Amino acid sequence: MKTLVWVEHEGGKIKDSTLPAVTAAAKLGEVHLLVAGKDVGKVAEAAAKIAGVGKVHVADDAALEHALAENVAPLVVELMGHHDAFITPATTTGKNIAPRVAALLDVMQVSDILSVESADTFTRPIYAGNAIATVQSTDAKKVLTVRGTAFEKAAAEGGSGTIEKVSGGKDVGLSKFVGAEIAASERPELTSAKIIVSGGRALGSSEQFHATIDPLADKLGAAVGASRAAVDAGYAPNDYQVGQTGKIVAPEVYIAIGISGAIQHLAGMKDSKVIVAINKDEDAPIFQIADIGLVGDLFKIVPELTQKL
Amino acid sequence: MKLLVAVKRVIDFNVKPRVKADGSGVDLANVKMSMNPFDEIAVEEAIRLKEKGAATEIVAVSVGPAKAQEALRTALAMGADRAILVQTDEEVEPLGVAKLLAKIAAEEDPGMIILGKQAIDDDSNQTGQMLAALLGWSQGTFASKVELDGGNAKVTREVDGGLETISLKLPAIVTTDLRLNEPRYASLPNIMKAKSKPLLVKSPEDYGVDAKPRLKTLKVVEPSKREAGVKVASVDELIGKLKTLGVVQ
């Protein structure tokens, strides 16, 4: 089987989210990559070095710069003429593009796969991860999005893929990029961080959230996350949200501070290796899944922890 | 401009789903069902556009069993003008739903179709994007803000790194994220009024759509459980544990 994997990149660099998708693709067969964007020669060269990669298709066009699904989908559909599976990471970019491609191919997509059981059978979470379904696709071609935390990252070095330019990727005139507010941060990215410090509604305000959570995260070299309640209340920006409808994370250590542990939050972090919970309510559901729990006032505990580490 | 909103009847978001012992799926017998929360946001956004004078009529559509009428009545009580139920007892996947919605869009000729970004039962996150593909329309997914401006819609999207704003040529598909708005509760008089609003019942065959599933569910199991660990009494003890686990030096 020939697979085509969507390469996520930003600022001339491949994003880590691409690498688990490559691993999933390798379980199905030959791995080809698609690098689409503007001035992406460097990205293509780096992509060719990912371990196990055969061919790297490069589409370089201004119309592809912001990965608008309307412009990207026809390009992918054309390449799918000689590929059997289209695979993207289950990121907001992947989730935006893959179903558009699937519908144009008349294929029912399998979203957010956790494992590859065979060439046509996959497991995926449903009901916010409260159940795991094993599904078999009866379509001739497959369209899959891959949950990054469920697969090992492919090695970024060691491959020797060949680069092939492809045409296509015109501006179909349906949508235009206007602007972006992308938070610049020195901290690691949530989905690939080894340690995450996450805050909930108990933080009480945006000021207290940052004054309490940020120093601990900086001390640990951790990424900062938040519960949906904290994001909805405006204490933290939307891209911090961990949960069913936010980001799915599985770091080595997840420190949940003032987070009660709603089902939809647990769905986003329960695969973390070690979960630490700090909460004043000893009956909070978060303690039922935490490896280490500490009951008490977070405004006393967290500064003390930060200072003593 | 006419607006179409798609709504799905799903397990209520407060209910913890239980996997059936035979592994065939999730037990939905005698379980509270409601409108998918993201779809409520879609209905609310449509109503706000109408209240601002940007839209003239709101048609709510659902694909599902006879009981999906309840979700449509909720949409009507919130402020939609009329409803269409494509009734079927078979499971219809996002691709099938998108095909049915595309046929309805061809009949109704809306300027915008608003859908929830995902349903909280199958968590697919596909229908809106698939519908946009089938209609050849623009798509603004995971929207946290929608502004109409002549023949275009400016949509702010919640993306992994933050927010992105795009301009869409109308007609367009918009899928809603959590922070687009806070849906209203239907008032009792409006719930009563909704009972007499038109609700048309159709079948997939009426639209000539083959909505047979493409995915076979082989089994459904519970995820592996996580056991509760230990509680510690102090920060020092916590740091000690973290050191034992090799998490901190």
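Preceding block: the structure.
In this text, all values refer to a predicted model and were calculated from it rather than measured experimentally.

Where burial is concerned, most of helix H4 (residues 127–135) of chain B is hidden: 8 out of the 9 residues are buried. Among all positions of H4 of chain B, only Thr127, Gly128, Gln129, Met130, Leu131, Ala132, Ala133 and Leu134 of chain B are buried.

Interhelical geometry of helix H4 (residues 92–104) of chain A versus H4 of chain B gives an angle of 45 degrees and a closest axis separation of 7 Å. Accordingly, the angle class assigned to the pair H4 of chain A and H4 of chain B is oblique. Judged by the twist between their axes, the crossing of H4 of chain A over H4 of chain B is right-handed. Note on element contacts: H4 of chain B touches H4 of chain A through Gln129, Met130, Ala132, Ala133 and Leu134 of chain B, opposite Asn96, Pro99, Arg100, Ala102, Ala103 and Leu104 of chain A. In the contact of H4 of chain A with H4 of chain B, the residues fall into 8 nonpolar, 2 polar and 1 charged.

Looking now at the packing of helix H3 (residues 69–79) of chain A against H4 of chain A. Residue and element names in this part refer to chain A. Two numbers describe how H3 lies on H4: the axes approach to 9 Å, and their chain directions differ by 50 degrees. Overall, the two elements H3 and H4 adopt an arrangement that is oblique. Relative to H4, the crossing made by H3 is right-handed. Every residue of H4 that contacts H3 at Ala69, Val72, Ala73, Val76 and Val77 is listed here: Asn96, Ile97, Arg100, Val101 and Leu104. Considered class by class, the residues forming the contact of H3 with H4 number 8 nonpolar, 1 polar and 1 charged.

Attention shifts here to the interface of chain B and chain A. Facing the 63 residues of chain B at the interface are 69 residues of chain A. Listing elements by their share of the side of chain B that touches chain A, those giving two or more residues are helix H3 (94–108), H4, strand S7 (138–149), strand S8 (152–159), strand S9 (162–169), strand S12 (215–221), strand S13 (230–232) and helix H6 (235–244) of chain B. Top element by residues in the side of chain B that touches chain A is S9 of chain B. It accounts for 8 residues.

On to the nonpolar core. If you look at the biggest cluster of nonpolar residues, it comprises 186 residues, and the most contacted ones within it are Val5, Val35 and Ile87 of chain A together with Val5, Ala60 and Ala75 of chain B. Each residue touching Val35 of chain A, except ones within four places of it in the same chain, is listed here: Val7, His9, Val40, Val43, Ala44, Ala47, Val56 and Val58 of chain A.

A separate point is unusual backbone geometry. Among all residues except glycine, the phi angle is most often negative; among peptide bonds, the trans geometry is most common. Look at the link from Leu170 of chain B to Pro171 of chain B: it is a cis peptide, with omega at 0 degrees. Considering the arrangement of structural elements, one finds Pro171 of chain B in the loop between S9 and strand S10 (172–176). The residue Ala67 of chain A is not glycine, and still its phi comes out positive at about 55 degrees. As for its placement among the helices and strands, Ala67 of chain A is situated in the loop between strand S5 (53–60) and H3. Even without a glycine there, the phi angle at Asp123 of chain B is positive, about 50 degrees. Looking at the secondary structure, you find Asp123 of chain B in the loop between strand S6 (112–116) and H4. Given 20 C-beta atoms within a 10 Å radius, Asp123 of chain B is considered buried.

Conventions we followed
- Residues numbered from 1 in each chain as written.
- Chains lettered and ligands numbered in written order.
- Predicted model: local features only at pLDDT ≥ 70, side-chain atom pairs only at ≥ 80, totals over all residues.
- Buried ≥ 20, exposed ≤ 12 C-beta atoms within 10 Å, placed from the backbone.
- Helix = DSSP H or I, 4+ residues; strand = E, 2+ residues; numbered from the N terminus.
- Axes fitted to C-alpha atoms, helices over the stretch in contact; angles between N-to-C directions.
- Parallel < 35°, antiparallel > 145°, perpendicular 65-115°, else oblique.
- Left-handed = near helix turned anticlockwise from the far one by under 90°.
- Contact = placed C-beta atoms within 7 Å.
- Nonpolar A, V, L, I, M, F, W, Y, C, P; charged D, E, K, R; others polar.
- Core = buried A, V, L, I, M, F, W, Y, C linked by C-beta atoms within 7 Å.

Interpretation in functional terms is not warranted from these geometric data alone.
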